[in-house]
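Below are the chains, spelled out letter by letter.
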Amino acid sequence: QVQLVESGGGLVQAGGSLRLSCAASGRTFTTYASVYAMGWFRQAAGKEREFLAAISRSGATYYADSVKGRFTISRDTAKYTVYLQMNSLKPEDTAVYYCAADRGGSGSRLSSFYENWGQGTQVTVSS
């Protein structure tokens, strides 16, 4: 009932920028989209999943310290889409990036709060 599809990943040189998109669909999400929080996470090869950013149902935003000032989360509720603008990319940002949806709407940093996940999009930053 909730499907999330990430796009916008690719190969970029250090210092460059990418904008990721996450398009949501499904009757449950589209009916109650205004109550969901949306989050972005990433997982590098051999590493644990890492919180990056979230936006709550009220529009409050939250960021991991590692990306604060470089990444910006935003949403277009009418289009059922959330974005992650990534600037000043570093090789250590290389990972698969995932978006997730949380019916609770809080914008939690904890992955367990999110019920639905996209398939991920690869971001590779070269030095």
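(A) Spotlight on the nonpolar core. Core analysis: the largest hydrophobic core is formed by 35 residues, its most contacted members being Trp40, Leu84, Met86 and Tyr97. When residues of this core are traced back to their parent elements, those giving at least two are strand S3 (18–25), strand S4 (37–43), strand S5 (50–55), strand S7 (71–76), strand S8 (81–86), strand S9 (95–102) and strand S11 (121–126). Excluding residues that lie within four positions of it along the chain, methionine 86 makes contacts with Gly16, Ser17, Leu18, Leu20, Arg70, Phe71, Tyr97 and Val123.

(B) Structural view of the pairing of S3. Sheet topology places strand S1 (residues 3–7) next to S3; five bridges connect them, and they run antiparallel. From the neighbouring strand, glutamate 6 faces S3, where its bridge partner is cysteine 22. Inspection of the sheet shows S3 paired to S8 by six bridges, in the antiparallel sense. When the sheet's bridge partners are listed, serine 21 is paired in S8 with tyrosine 83.

(C) Geometry of the sheet that holds S1. The strand order across the open sheet formed by four strands is S1-S3-S8-S7, and the pairing between neighbours is antiparallel. Bordering the open sheet on either side are S1 and S7, each of which pairs with just one other strand. Going across the sheet, the axis of each strand differs from the next one's by a mean of 15°, ignoring polarity.

(D) Highlighting the state of the cysteines. Scanning the model with the defined rule gives one disulfide in all. The disulfide partner of cysteine 22 is cysteine 99, and the S-S distance across this bridge is 1.9 Å. Taking the sign of the S-S torsion, about 55° here, the bridge from cysteine 22 to cysteine 99 comes out right-handed. Residue cysteine 22 is located in strand S3, and its partner cysteine 99 is located in strand S9; the two are separated by 77 residues in the primary sequence. As far as the burial class goes, cysteine 22 and cysteine 99 line up, both buried.

(E) Representation of empty space enclosed by the protein in the model. The tally for this structure, following the rule as stated, stands at one cavity of 30 Å³ or more. Volume-wise, the largest cavity comes out at about 110 Å³. Lining the largest cavity, in full, are Ala24, Phe29, Ala33, Ser34, Tyr36, Met38, Arg75, Asp76, Thr77, Tyr80, Thr81 and Val82. Of the residues in the lining of the largest cavity, the class split is seven nonpolar, three polar and two charged.

Calculation criteria
Residues numbered from 1 in each chain as written. Predicted model: local features only at pLDDT ≥ 70, side-chain atom pairs only at ≥ 80, totals over all residues. Heavy atoms only, no water. Core = buried A, V, L, I, M, F, W, Y, C linked by side-chain atoms within 4.5 Å. Buried < 20%, exposed > 50% of the residue type's maximum accessible area, 1.4 Å probe, protein only. Helix = DSSP H or I, 4+ residues; strand = E, 2+ residues; numbered from the N terminus. Contact = heavy atoms within 4.5 Å. Pairing = 2+ DSSP bridges. Axes fitted to C-alpha atoms, helices over the stretch in contact; angles between N-to-C directions. Disulfide = S-S within 2.5 Å. 1 Å grid on protein atoms, 1.4 Å probe; cavity = no way out; pocket = protein on both sides within 12 Å on 5 of 7 lines; lining within 4 Å. Points joined across faces, edges and corners; volume = space filled by probe spheres on them. Nonpolar A, V, L, I, M, F, W, Y, C, P; charged D, E, K, R; others polar.

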